[in-house]
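One letter stands for each residue in the lines below.
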Amino acid sequence: MRIVVAELRAGELAITGDEHHYLGRVRRVRVGDAIELVDGVGHRARAKIVRMSDAETIVEVGPVDAVEEPRPHVRVLLPLIKGDRMDLALEKLVEVGVNEVIVWMAERSIVRLDATKRDARVAHYAAVIEAAAKQSGRATLPSVAYAELRHAIRALPDGARYMLDRDGDRAEITAHDVTIISGPEGGFSWIELDQLVTAGFTGLNLGPNTLRAETAPVVAVALIRNR
């Protein structure tokens, strides 16, 4: 089992809060059990539980290893998707190796997000990503943020930029930084397409079948990682 800690170092370490309760109440660990610790920024270590109380779990941490994330750095601009399918998309993106998710509200998105609820929604998305990272064994937690499309595009670093499009090409991706944007079920609007083309995005074809909004970006990241 994996636990995320804020600071990972060799020696004795106290685990408190939600992670402590998860160990004791959900996983029902005991003194002497071995666990894995990650800090979310690329470090991992094995640890053994040495003491437990109502307030904390004390572990003895072994050597800390640095885990290098595979290249390229893959960023997904993910539109708001209805219901649990949004959580599913985030979970699967983490499992296939996304590094960064930027959530955006497309003109044709069914879901609309009020500005007063954005922080809470992003916090929920971050929790989904953390849980998926633990399950999949990742030492680095992918980041997630919300941005309007024009702001997200303006902040992008240099690198390859692709919009998922059945009429696009089957590109050979060799860049060190890759941005993929997927649209909602209704597709991109003409205004959005104009923004993307102006910003240097080209179409990327994933095959002959029409994929759902929660499926297409996951397939794209998986193909990039496989290549």
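Structure: see above.
Residues numbered from 1 in each chain as written. Predicted model: local features only at pLDDT ≥ 70, side-chain atom pairs only at ≥ 80, totals over all residues. Heavy atoms only, no water.

Draft legend 1. Summary view of the side chain of serine 109. Mapping serine 109 onto the fold places it in the loop between strand E8 (100-104) and helix H3 (118-136). With residues near it in sequence (within four places) discarded, serine 109 still touches Pro79, Leu80 and Pro184. (Helix = DSSP H or I, 4+ residues; strand = E, 2+ residues; numbered from the N terminus. Contact = heavy atoms within 4.5 Å.)

Draft legend 2. Focus on the layout of surface pockets. Space inside the largest pocket adds up to approximately 500 Å³. Along the wall of the largest pocket there are 24 residues; nearest its centre are Leu164, Asp165, Arg166, Pro184 and Gly187. Those elements that place two or more of their residues in the lining of the largest pocket are strand E10 (160-169) and helix H5 (190-198). Counting residues per element, the lining of the largest pocket draws most heavily on E10, which supplies 4 residues. Of the residues contributing to the lining of the largest pocket, the split by class is 11 nonpolar, 8 polar and 5 charged. (1 Å grid on protein atoms, 1.4 Å probe; cavity = no way out; pocket = protein on both sides within 12 Å on 5 of 7 lines; lining within 4 Å. Points joined across faces, edges and corners; volume = space filled by probe spheres on them. Nonpolar A, V, L, I, M, F, W, Y, C, P; charged D, E, K, R; others polar.)

Draft legend 3. Spatial organisation of the pattern of salt bridges. In the structure shown here, the tally under the stated rule is 15 salt bridges. Close ionic contact of glutamate 148 with arginine 150 constitutes a salt bridge, the shortest N to O distance being 2.6 Å. Relative accessible area serves as the criterion here: at 43%, arginine 150 is assigned to the partly exposed category. By sharing partners, the salt bridges in this structure join Arg85, Glu185, Arg212 and Glu214 into a single network. (Salt bridge = Lys/Arg side-chain N within 4 Å of Asp/Glu carboxyl O. Buried < 20%, exposed > 50% of the residue type's maximum accessible area, 1.4 Å probe, protein only.)

Draft legend 4. How the structure looks around the nonpolar core. Ranked by size, the top nonpolar core spans 36 residues in total, and within it Leu78, Leu93, Val101, Val103 and Ile180 carry the most contacts. Take this core: its biggest share by element is 6 residues, from H3. Ignoring sequence-local partners within four residues, the contact set of isoleucine 180 consists of Val74, Arg75, Val76, Leu77, Tyr162, Leu164, Ala220, Val221 and Ile224. The next biggest cluster of nonpolar side chains, apart from the first, holds 15 residues, and it includes Ala106, Leu156, Ile181 and Phe201. (Core = buried A, V, L, I, M, F, W, Y, C linked by side-chain atoms within 4.5 Å.)

Draft legend 5. Representation of helix H1 (residues 17-26) within the structure. Among the residues making up H1, those that are buried are Glu19, His20 and Leu23. Seen along its axis, H1 keeps its buried residues to an arc of 105°; they face one direction. Relative to its buried face, H1 has exposed residues pointing more than 90 degrees away, namely Asp18, Arg25 and Val26. In this structure, the buried side of H1 is in contact with strand E1 (2-4), strand E2 (11-15), strand E3 (34-38), strand E5 (57-61) and H3. One or two steps after H1, the chain reaches arginine 28, where phi turns positive at roughly 50°. (Arc of directions from axis to C-beta.)

Draft legend 6. Geometry of the packing of helix H2 (residues 84-96) against H3. Between H2 and H3, whose axes approach to 9 Å, the crossing angle comes to 40°. When the axes of H2 and H3 are compared, the pair comes out oblique. In the crossing of H2 with H3, the sense of the turn from one axis to the other is right-handed. Touching Met86, Asp87, Leu90, Glu91, Val94 and Glu95 of H2 are His124, Tyr125, Val128, Ile129, Ala132, Ala133, Gln135 and Ser136, all from H3. In terms of residue class, the contact of H2 with H3 is built from 8 nonpolar, 3 polar and 3 charged. (Axes fitted to C-alpha atoms, helices over the stretch in contact; angles between N-to-C directions. Parallel < 35°, antiparallel > 145°, perpendicular 65-115°, else oblique. Left-handed = near helix turned anticlockwise from the far one by under 90°.)

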